Amino acid sequence: MTDLSAVAHELYGLTPAEFTPARNARAKELRAAGEKELADAVRAMPRPSAAAWLANAMVRHLGEEVTGLLELGEELRRAQADLDAAQLRELTAQRRRLVSALARRGRDLAGELGHKVGPGVVEQLAATLNAAMTDKEAAEALRTGLLVAPMESSGLGGVDLDAVLAVPGAAGGRAPEGVAPLAPKRAARDAERARAREAAARRLTEAQDQLAAAEAEAATADRRRRKTEEHVRSLQAGVLQARAETEDLRRRLEAAEVALERVEDELADAEDDREVAVADDAGARSDVEAARAALAALRLEQGR
């Protein structure tokens, strides 16, 4: 006889687009095989929300990181129970960094699986991971890989597992392949946690390096932009000055051309006056010579 949990683990490992047709086909097969009650239960399984699907996918594909996150959550709850304030502060800071890094890793995983998600889904995923770290039952629910809805810890009554699990009571059962159960031995738990922290630290360092590189590139681009704008303003000022000087030279040239025409006209008039004066002078000289000749002739005649 087929087990409901086995069918659920099979179906909730699919993408959202694949889930409904695969669920209906599986229910039909079970009904044809005479397992009507199980077929009805399978047919009633809800399609997981985008955030729930992504959390299930992370359990299957990023089992080591998810195990490390749950181990850190267990240590955080233990420190809270022991009232270890210093350790609690340190673990809380680690929890925030790890949840943020793992949520971003989940977003990347969704893209790798051909199902990109938006910021709202990533936010719900982060809330689900945070709930799994702060609440033991939520951690068990996440480990099943059978979530149908995202989880959110209220800090009061915990998480209603029946509302988020495809198979009620599945928490605490077998997890999908790739997710290790909570290690009963401290050495194994510490090793898993160390690997998860190391992976998270690497991703955090890579993100910080990418951010620093992006900021440096942005600063360089901003300096280039300011320098280019300053150069453009300088050229614009030079163009305006050249235009003003050109306009001034054009006006001066026009004035000089007018003055030249006036001087040339005056020169032509002066040359005409000179020619008249020369002609008048020649006539006067001729008259003087004639007068002198007449006077000489008169004197000569009187002397006789």
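Because the structure is predicted, anything quoted here is derived from the model rather than measured.

Basis of the calculations
- Residues numbered from 1 in each chain as written.
- Predicted model: local features only at pLDDT ≥ 70, side-chain atom pairs only at ≥ 80, totals over all residues.
- Heavy atoms only, no water.
- Helix = DSSP H or I, 4+ residues; strand = E, 2+ residues; numbered from the N terminus.
- Contact = heavy atoms within 4.5 Å.
- Areas by Shrake-Rupley, 256 points an atom, 1.4 Å probe, with all protein chains shown as cover.
- Polar contact = N/O pair within 3.5 Å; in protein donor to acceptor, adjacent residues only side chain to side chain.
- Buried < 20%, exposed > 50% of the residue type's maximum accessible area, 1.4 Å probe, protein only.
- Arc of directions from axis to C-beta.
- Axes fitted to C-alpha atoms, helices over the stretch in contact; angles between N-to-C directions.
- Left-handed = near helix turned anticlockwise from the far one by under 90°.
- Nonpolar A, V, L, I, M, F, W, Y, C, P; charged D, E, K, R; others polar.
- Patch = residues over 30% accessible without salt bridge, like charges linked within 9 Å, V, L, I, M, F, W, Y side chains within 5 Å.
- Salt bridge = Lys/Arg side-chain N within 4 Å of Asp/Glu carboxyl O.
- Lys, Arg positive; Asp, Glu negative; His and termini not counted.
- Charge placed at Lys NZ, Arg CZ, Asp CG, Glu CD.
- Parallel < 35°, antiparallel > 145°, perpendicular 65-115°, else oblique.
- Phe/Tyr/Trp six-rings, centres within 6.5 Å; stacked < 30°, edge-to-face > 60°.

Caption draft 1: How the structure looks around the overall build of the protein chain. Helix and strand content of the protein chain: 10 helices and zero strands. Shown N-terminal to C-terminal, the secondary structure of the protein chain runs as helices and strands in the order α-α-α-α-α-α-α-α-α-α. Counted over contacts in the protein chain with a minimum sequence separation of 6, partners at least 24 positions apart contribute 68%. Of the roughly 18,800 Å² of accessible surface on the protein chain, 53% is carried by carbon and sulfur atoms.

Caption draft 2: Quick peek at the side chain of Glu140. Position of Glu140 relative to the elements: it lies in helix α8 (residues 136-144). Polar contacts involving the side chain of Glu140 include one to the side chain of Arg143, which spans 3.0 Å.

Caption draft 3: View of helix α3 (residues 36-43). What α3 keeps buried is the set Leu38, Ala39 and Val42. One face of α3 carries all of its buried residues, which in axial projection span an arc of 100 degrees. Its buried side turned inward, α3 meets α1 (4-11) and α2 (16-32).

Caption draft 4: Quick look at the packing of α1 against α3. For the pair α1 and α3, interaxial distance at closest approach is 11 Å and the crossing angle is 35 degrees. Judged by the twist between their axes, the crossing of α1 over α3 is right-handed. Residue-level contacts link Leu4, Val7 and Leu11 of α1 to Leu38, Ala41 and Val42 of α3. For the contact of α1 with α3, the per-class residue count stands at six nonpolar, no polar and no charged.

Caption draft 5: Local environment of the environment of Leu91. You can see Leu91 is positioned in helix α6 (residues 85-112). Classification of Leu91 by relative accessible area gives buried; the value is 3%. Measuring from C-alpha to C-alpha, the distance between Leu91 and Glu75 comes to 8.0 Å, with 16 residues separating the pair along the chain.

Caption draft 6: Summary view of a negative patch on the surface. Together, Glu254, Glu257, Glu261, Glu264, Asp265, Glu266, Asp269, Glu271, Asp272, Asp273 and Glu275 make up a region of like negative charge exposed at the surface. Among the secondary structure elements, Glu275 is positioned in helix α10 (residues 186-303).

Caption draft 7: Structural view of the packing of α1 against α2. In contact at an axis separation of 10 Å, α1 and α2 are set at 150 degrees when each is read in the N-to-C sense. Classified by the interaxial angle, the pair formed by α1 and α2 is roughly antiparallel. Viewed along their axes, α1 and α2 form a crossing whose handedness is right-handed. Together, Val7, Glu10 and Leu11 of α1 and Phe19, Ala22, Arg23 and Arg26 of α2 make up the contact between the two elements. When its residues are assigned to classes, the contact of α1 with α2 shows four nonpolar, no polar and three charged.

Caption draft 8: Here's a closer look at the packing of aromatic side chains. Per the counting criterion, the structure on display carries one aromatic pair. Each ring, one from Tyr12 and one from Phe19, has its centre 4.9 Å from the other, and the planes form 50 degrees; the classification is tilted. Just as Tyr12 is buried, Phe19 falls in that class too.

Caption draft 9: Region of interest: the pattern of salt bridges. Tallied over the entire structure, the rule returns 16 salt bridges. With a shortest N-O distance of 2.4 Å, Asp222 and Arg225 are connected by a salt bridge. Within this pair, Asp222 and its partner Arg225 are both found in helix α10, separated by three residues, close to a single helical turn. A relative accessible area of 39% places Arg225 in the partly exposed class. Residue Glu229 pairs with Arg225 through a salt bridge whose shortest N-O separation is 3.1 Å. Separated by four residues within a single helix, Glu229 and Arg225 lie in helix α10, roughly one turn from each other. If you follow the salt bridges from partner to partner, you end up with Glu247, Asp248, Arg250, Arg251 and Arg252 in one network.

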